[in-house]
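Chain residues, written in single-letter form:
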Amino acid sequence: MHVIRATLAGPPQAAHGVPAVLTDLVWAHTTAAHGLEHLRAKASDDGMDLYFFLRATSEAAALGQAHAILTSARTPLRAHGYTVAAPLH
């Protein structure tokens, strides 16, 4: 299991319920092939941090899987005012 953090730039100090909406959006654009086991969203001063818990053979593979998920969910995330702000880690 690998944990990858993605920082999303967006509305600061997101309103109540926004983390749940964002995790639902990401799950809706995730397939079994992505290896996502769990997802957590946490509001930050600059937007939102997403923590991906992924089944992967290596850290590099997990980074690729998280990137693929975010690419799939890019349009709906953007519709809610969020974009990927930094490289995944």
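Refer to the structure above for everything that follows.
Attention here is on the structure that accompanies the text. Think of each chain on its own: its residues are numbered from 1, step by step along the sequence as written. Reporting of local features is limited, given that this is a predicted model, to residues whose pLDDT is at least 70; pairs of side-chain atoms are given and counted only at 80 or more, and all residues count toward the totals for whole chains, interfaces and linings. Side-chain metrics rest on all non-hydrogen atoms present in the structure, leaving aside hydrogens and water.

1. Let's talk about the overall build of the protein
The helix count covers DSSP runs of H or I at least four residues long, the strand count covers runs of E at least two residues long, and both are numbered beginning at the N terminus. Scanning the protein from N- to C-terminus turns up three helices and four strands. For the protein, the N- to C-terminal ordering of α and β elements is β-α-β-β-α-α-β. The C-alpha radius of gyration of the protein comes to 12 Å, within 12% of the 12 Å expected for a compact globule of 89 residues. Residue burial is assigned from relative accessible area. The probe radius is 1.4 Å, only protein chains are included, and a residue is buried under 20% of its type maximum, exposed over 50%, and partly exposed in between. Residues classed as buried in the protein amount to 37% of the 89 residues present. Should any heavy atoms of two residues lie within 4.5 Å, those residues are considered in contact. Once local pairs closer than 6 in sequence are excluded, the contacts in the protein between residues at least 24 apart make up 67%. A total accessible area of about 4800 Å² is found for the protein, and carbon and sulfur atoms account for 58% of it. Just to be clear, the radius of gyration here is over C-alpha atoms, and the globule rule we use is 2.2 Å times residues to the power 0.38. Each accessible area is a Shrake-Rupley result for a 1.4 Å probe, and residues are judged covered by the shown protein chains and nothing else.

2. Notes on the environment of Glu59
Position of Glu59 relative to the elements: it lies in helix H2 (residues 59–72). On the accessibility criterion, Glu59 (39% relative accessible area) is partly exposed. For the pair Glu59 and His29, spaced 30 residues apart in the sequence, the C-alpha separation amounts to 21 Å. Setting aside residues no more than four positions away along its own chain, Glu59 makes contact with His2, Val3 and Ile4.

3. Points about the environment of Leu39
Assignment of secondary structure puts Leu39 in strand S2 (residues 36–44). Setting aside residues up to four positions removed in sequence, Leu39 forms contacts with Thr23, Val26, Trp27, Leu50, Tyr51, Phe52 and Phe53.

4. What about the side chain of Thr23?
Structurally, Thr23 can be placed in helix H1 (residues 18–28). Looking at Thr23, the relative accessible area reads 13%, which means it is buried. Setting aside anything within four residues of it in sequence, one finds Thr23 in contact with Leu39, Arg40 and Ala41.

5. Comments concerning the nonpolar core
In plain words, nonpolar cores are sets of buried Ala, Val, Leu, Ile, Met, Phe, Trp, Tyr and Cys residues tied together by side-chain atoms within 4.5 Å. In this structure, Leu50, Phe52, Leu54 and Leu77 are the most contacted members of the largest nonpolar core, which totals 21 residues. For this core, the elements supplying multiple residues, two or more each, are strand S1 (2–9), H1, S2, strand S3 (47–54) and H2. Setting aside anything within four residues of it in sequence, one finds Phe52 in contact with His2, Val3, Ile4, Ala6, Val26, Leu36, His38, Leu39, Ala66, Ile69 and Leu70.

Purely spatial values, then, with no claim about function.
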